[in-house]
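# Coordinates in review
Each chain is listed here by its residues.
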Amino acid sequence: MKILSIQSSVAYGYAGNSSAVFPLQRLGHEVWPVYTVHFSNHTGYGEWRGPVFEPETVRDVITGIEERGVLPECDAVLSGYMGADPIGTVILDAVARVKAANPKAIYCADPVMGDVGRGFFVRPGIPEFMRDKVVPAADVITPNQWELQYLTGEREIHSVAELLDAARSIRERGPETVLVTSVQTDETPADSVQLAVVNGDGAWIVTTPLLPMYVVGAGDATTAIFLAHLLTEPAEQALAATADSVFGVMETTHTAATREIQIVGAQELIAHPTGRFEVTRLD
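A short tour of the structure in this document, coming up. (Residues numbered from 1 in each chain as written. Predicted model: local features only at pLDDT ≥ 70, side-chain atom pairs only at ≥ 80, totals over all residues. Heavy atoms only, no water.)

Moving on, we come to the sheet that holds strand β4 (residues 106-109). With respect to topology, nine strands assemble into an open sheet ordered β2-β1-β3-β4-β7-β8-β9-β10-β11, the strand pairing being mixed. Where the open sheet ends on each side, the last strands, each with one partner, are β2 (30-39) and β11 (279-281). Bridge count for strand β10 (residues 202-209) against β11 is three bridges, and the pairing is antiparallel. Following the sheet pairing, Ile 205 is matched in β11 by Thr 280. Its contacts with the sheet place helix α1 (residues 17-26) against β1 (2-10), β2 and β3 (76-79), and it is angled at close to 145 degrees to β1. Sheet strands in contact with helix α8 (residues 235-256) are β8 (177-183), β9 (192-199), β10 and β11, and its direction is about 15 degrees off that of β10. (Pairing = 2+ DSSP bridges. Helix = DSSP H or I, 4+ residues; strand = E, 2+ residues; numbered from the N terminus. Contact = heavy atoms within 4.5 Å. Axes fitted to C-alpha atoms, helices over the stretch in contact; angles between N-to-C directions.)

Structure below.
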């Protein structure tokens with residue numbers, strides 16, 4: 001499969017395309033990365049260097065790919081953090097171009113906006129752009145639980161039933177598949193975190209241990225790994241493989257006691273998930 005991935009990039013460490021491309025490749029997909037920025041390191045360090053590319057520069061790169069005549073071969077478009085509305089518009093234009101060339105292609109969007117305890121960490125206008133423009137255009141969307149609450153009208157999610165209602169509400173607006181990350185409801189076991197997926201065939205959830213750590217780039221890798229599997233497997237199998245591989249990455253990172261996720265160190269767990277976490281059907 002061939003994937004056009006339009007995201008940020010860092011030279012040192014892992015975020016955006018720097019976090020997504022290698023897992024996609026390790027799982028057997030060809031990736032065409034297009035960069036929206038190229039920083040020395042992710043912004044979590046507080047200091048960084050490097051350029052933010054103008055929207056027309058990003059569009060020009062995509063046009064160059066289109067001029068090679070390869071868009072009919074593109075199976076998916078992947079996007080994550082969008083720095084500003086103009087970049088989001090370029091991404092949605094790329095999705096339209098790919099789908100015109102290959103109507104079977106899908107658009108997978110990680111609506112990066114914020115998280116529990118941090119609130120919104122994107123520029124004003126981006127949350128509304130995600131809600132009003134990205135969600136209707138996406139075939140697959142991968143919000144965390146906090147983002148899902150915003151996208152569905154600030155409704156609070158305390159139970160699995162409320163989680164499913166919110167995911168189904170999103171599906172009514174366009175996406176076929178909703179992967180919800182960082183799930184912690186009143187029903188989540190202690191010291192655990194969950195992933196849930198909802199599509200037209202049903203809903204499933206998987207539970208993994210919650211490690212005492214916070215790292216940048218894990219969400220980018222999660223979306224990439226899920227998309228990699230979803231392109232060739234049913235959603236419940238993609239969920240199981242994603243949970244296994246992402247926990248493997250996090251566990252390897254925790255053991256290494258580093259702030260950069262250990263994608264290379266955990267690559268065998270990405271390529272060959274062990275099936276250690278049971279997926280439960282919810283309906």
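Along its 12 residues, helix α6 (residues 160-171) runs 16 Å from first to last C-alpha, staying within 8% of the 16 Å computed at 1.5 Å per residue. Within the span of α6, buried status applies to Val 160, Leu 163, Leu 164, Ala 166, Ala 167, Ser 169 and Ile 170. Against the buried residues of α6 lie α4 (126-137), β7 (140-141), α5 (145-151), β8, β9 and β10. (Expected span 1.5 Å × (residues − 1). Buried < 20%, exposed > 50% of the residue type's maximum accessible area, 1.4 Å probe, protein only.)

By size, the foremost hydrophobic cluster in this structure holds 48 residues, and its most contacted members are Leu 4, Ile 6, Met 82, Tyr 107 and Leu 151. Among the elements that make up this core, the one with the highest residue count is helix α3 (residues 85-101) (seven residues). For Leu 4, the contacting residues outside a window of four places in its chain are Trp 32, Val 34, Ile 65, Cys 74, Ala 76, Val 77, Leu 78, Ala 94 and Val 98. In this structure, Ala 76, Val 206, Leu 227 and Ala 235 belong to the second largest nonpolar core, which totals 38 residues. (Core = buried A, V, L, I, M, F, W, Y, C linked by side-chain atoms within 4.5 Å.)

Looking now at the environment of Val 21. Note that Val 21 resides in helix α1. By relative accessible area, which is 13% here, Val 21 ends up buried. Remark: the alpha-carbon pair of Val 21 and Ala 224, spanning 203 residues in sequence, is separated by 7.6 Å. Here Val 21 is in contact with Val 31 and Pro 33, once residues within four sequence places are set aside.

A word on the side chain of Ser 192. Of note, Ser 192 is situated in strand β9. Those residues in contact with Ser 192, other than ones at most four positions away along the chain, are Gln 184, Thr 207, Thr 208, Pro 209 and Leu 210.

The next point concerns the pairing of β2. Summarising the sheet, β1 and β2 pair through eight bridges and their orientation is parallel. Its bridge partner lying in β2, Gln 7 is registered against Tyr 35. In this fold, β1 hands off to α1, which returns the chain to β2; that crossover is right-handed. (Right-handed = clockwise from strand over helix to strand, strands pointing away.)

Right, let's talk about the packing of helix α7 (residues 218-230) against α8 for a bit. Where α7 meets α8, the closest approach of the two axes is 8 Å, and the angle between their N-to-C directions is 145 degrees. For the pair α7 and α8, the sense of crossing is right-handed. Here Ala 218, Thr 222, Ile 225, Phe 226, His 229 and Leu 230 of α7 lie close against α8, whose contacting residues are Ala 235, Ala 238, Leu 239, Ala 241, Thr 242, Ser 245, Val 246 and Met 250. (Left-handed = near helix turned anticlockwise from the far one by under 90°.)

Here we come to the pattern of salt bridges. Following the criterion strictly, the structure yields 11 salt bridges and no others. Between Arg 59 and Glu 56 there is a salt bridge, with its nearest N and O atoms 3.2 Å apart. Of the two residues, Arg 59 and Glu 56 are both situated in helix α2 (residues 55-67); the distance of three residues between them amounts to about one turn of the helix. Across the pair Arg 276 and Glu 251 runs a salt bridge whose closest N-O atoms are separated by 3.4 Å. Of this pair, Arg 276 sits in the loop between α9 (267-271) and β11 while Glu 251 sits in helix α8; the two residues are 25 residues apart in sequence, bridging distant segments of the chain. The class of Glu 251 is partly exposed, set by a relative accessible area of 33%. Several salt bridges converge on common partners, so that one network encompasses Glu 56, Arg 59, Glu 66, Asp 93 and Arg 97. (Salt bridge = Lys/Arg side-chain N within 4 Å of Asp/Glu carboxyl O.)

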